[in-house]
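# Fold and geometry: a report
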Amino acid sequence: MDNFLKWFNFSIEPIPEYKAAKDGTFVKYGADNNYNERLIELFDRSTFHNAILLGKADFIAGSGIDYNKDLPAKELAILEKFINEPNKFQTLHDIIRNDAINLVLYGGVAHKVNWWIGQNGFNLYDQDFGLVRKDSAETKLYTRDTWKGISKPDKDTQDFAPFNPENRKGQQLNYNYIKRPGKKYYPAPEYLSAMEAIVVDYLFTNFHKNNIENGFASGTFIELPYGEDWDAETKRKFEAKMKSKSTGTDKAGGLLLSFLNAQMTQRTQITPMQPNNLDKQFTIIDGIMQQRIFTGHRITSPMLFGIKEAGQLGGRNEVLDAYELFHSTYVSPRQQYIERILNEYAKALGVSEAGLKIKKSQPIGLDNMLLSEKGLISKEFTQKYIA
């Protein structure tokens, strides 16, 4: 029976550890030095997590950039050039949008600074925060397209000195993150406490997807009145053929086969192992996981992200009140975090009081809500529009 019965151990989502590699230079970002890809996987696969992260990033990025327009003409020209063309491919607001995604996904932002020859200025580029590693002395930073299994520099690794306006040479990397107790070298995602709920969100969906693909023939125990005297290879081929006909690639719809002596039983017995009322269990667990995801993300009003309970829309004033609270407690502090970094760049360019500030955006659908409240369009249309 050891060849046919398997025991699966369930595990919790690991909390990342950041340790210097014994055989190399880098401080590992997670056990396999590849924690960023796990965070991207969760971002891509969980519906609610994805919607919240993108919504947070949109709110943080805002609707544009404001700045001090009362500067001397020379400084104003430098500042406006920096805002409109920090590099030949992007505007400063383009960089801010990427910063916002990095900040909500990883907990930090990173930029490449290319000093000009002559040392009077630089080009600024956004950098994928998850692809940066540092040495244990925190005197050098490294980037690479993928880090899994890498513990020391190789030909695909690029190294940088940390950003330093007092040493205006070559390429530098400005690496900033929001500190978390117990994490020295890298940040932990702010939604760390909701990670298991995020995993359950996409695993439950995947489970039901595969059950649908398999015609809901899931979790079945089949007792066959033959095959007890087959050799191991014959049993393996038979089992593989049965599974290929009735199960999906991700284990939903699995089969457990038992080969019996024909003298013991004369008929095939099929026993479903799927729990009763699985649809109700899914609804209950799905609701619990949603709430845990919202709590882990510090979300009190899911309607700000196009997520609302069935049949409920919320009035315009309700949405505005929820947004003002969320903006003051979450969005504004992170905008200020990015603004401080940008104003440091402006100062390095010779602009002393740049006053760079991200313009506040508004929640989606407010105009439609106003029209709905006046009876000019239906609530149903407004719900679909916002979603």
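Use the structure listed above.
The text that follows walks through the structure, step by step, so that each part is easy to find. Computed from a prediction, not measured in an experiment: that's the story for all the values here. (Residues numbered from 1 in each chain as written. Predicted model: local features only at pLDDT ≥ 70, side-chain atom pairs only at ≥ 80, totals over all residues. Heavy atoms only, no water.)

This part takes up the sheet that holds strand β2 (residues 108–115). An order of β3-β2-β7-β6-β5-β4 is seen for the six strands of this open sheet, with the pairing classed as mixed. In this open sheet, the two strands that pair with only one neighbour each are β3 (122–127) and β4 (132–134). Strand after strand, the sheet turns through a mean of 35° between neighbouring axes, direction not considered. Pairing between β4 and strand β5 (residues 141–143): three bridges, direction antiparallel. Note on β5: the bridge partner recorded for valine 132 is threonine 143. Packing of helix α4 (residues 92–105) onto the sheet brings it into contact with β2 and β3, and relative to β2 it is tilted by some 145°. (Pairing = 2+ DSSP bridges. Helix = DSSP H or I, 4+ residues; strand = E, 2+ residues; numbered from the N terminus. Axes fitted to C-alpha atoms, helices over the stretch in contact; angles between N-to-C directions. Contact = heavy atoms within 4.5 Å.)

Two numbers describe how helix α2 (residues 47–61) lies on α4: the axes approach to 8 Å, and their chain directions differ by 140°. Considering the angle they form, α2 stands oblique to α4. For the pair α2 and α4, the crossing hand works out as right-handed. Residues Leu53, Leu54, Lys56, Ala57, Asp58, Ile60 and Ala61 of α2 touch α4, and the partners they reach there are His93, Ile96, Arg97, Ala100, Ile101, Val104 and Leu105. Looking at the contact of α2 with α4 residue by residue, the classes come out as ten nonpolar, one polar and three charged. (Parallel < 35°, antiparallel > 145°, perpendicular 65-115°, else oblique. Left-handed = near helix turned anticlockwise from the far one by under 90°. Nonpolar A, V, L, I, M, F, W, Y, C, P; charged D, E, K, R; others polar.)

A word on the packing of aromatic side chains. In this structure the tally under the stated criterion is 18 aromatic pairs. Ring plane angle 5° and centroid distance 4.6 Å describe the contact between phenylalanine 129 and tyrosine 175, whose orientation is recorded as stacked. Within this pair, whereas phenylalanine 129 is found in the loop between β3 and β4, its partner tyrosine 175 is found in strand β7 (residues 171–177), the two being separated by 46 residues in sequence. Judged by relative accessible area, phenylalanine 129 falls into the buried class, the value being 1%. (Phe/Tyr/Trp six-rings, centres within 6.5 Å; stacked < 30°, edge-to-face > 60°. Buried < 20%, exposed > 50% of the residue type's maximum accessible area, 1.4 Å probe, protein only.)

Now for the pattern of salt bridges. Under the definition given, this model contains 13 salt bridges. A salt bridge links lysine 56 to glutamate 190; the shortest N-O distance between them is 3.0 Å. Residue lysine 56 is found in helix α2, and its partner glutamate 190 is found in the loop between β7 and α5 (195–213); the two are separated by 134 residues along the sequence. Since its relative accessible area comes to 0%, lysine 56 is described here as buried. Using a relative accessible area of 24% as the deciding quantity, one classes glutamate 190 as partly exposed. (Salt bridge = Lys/Arg side-chain N within 4 Å of Asp/Glu carboxyl O.)

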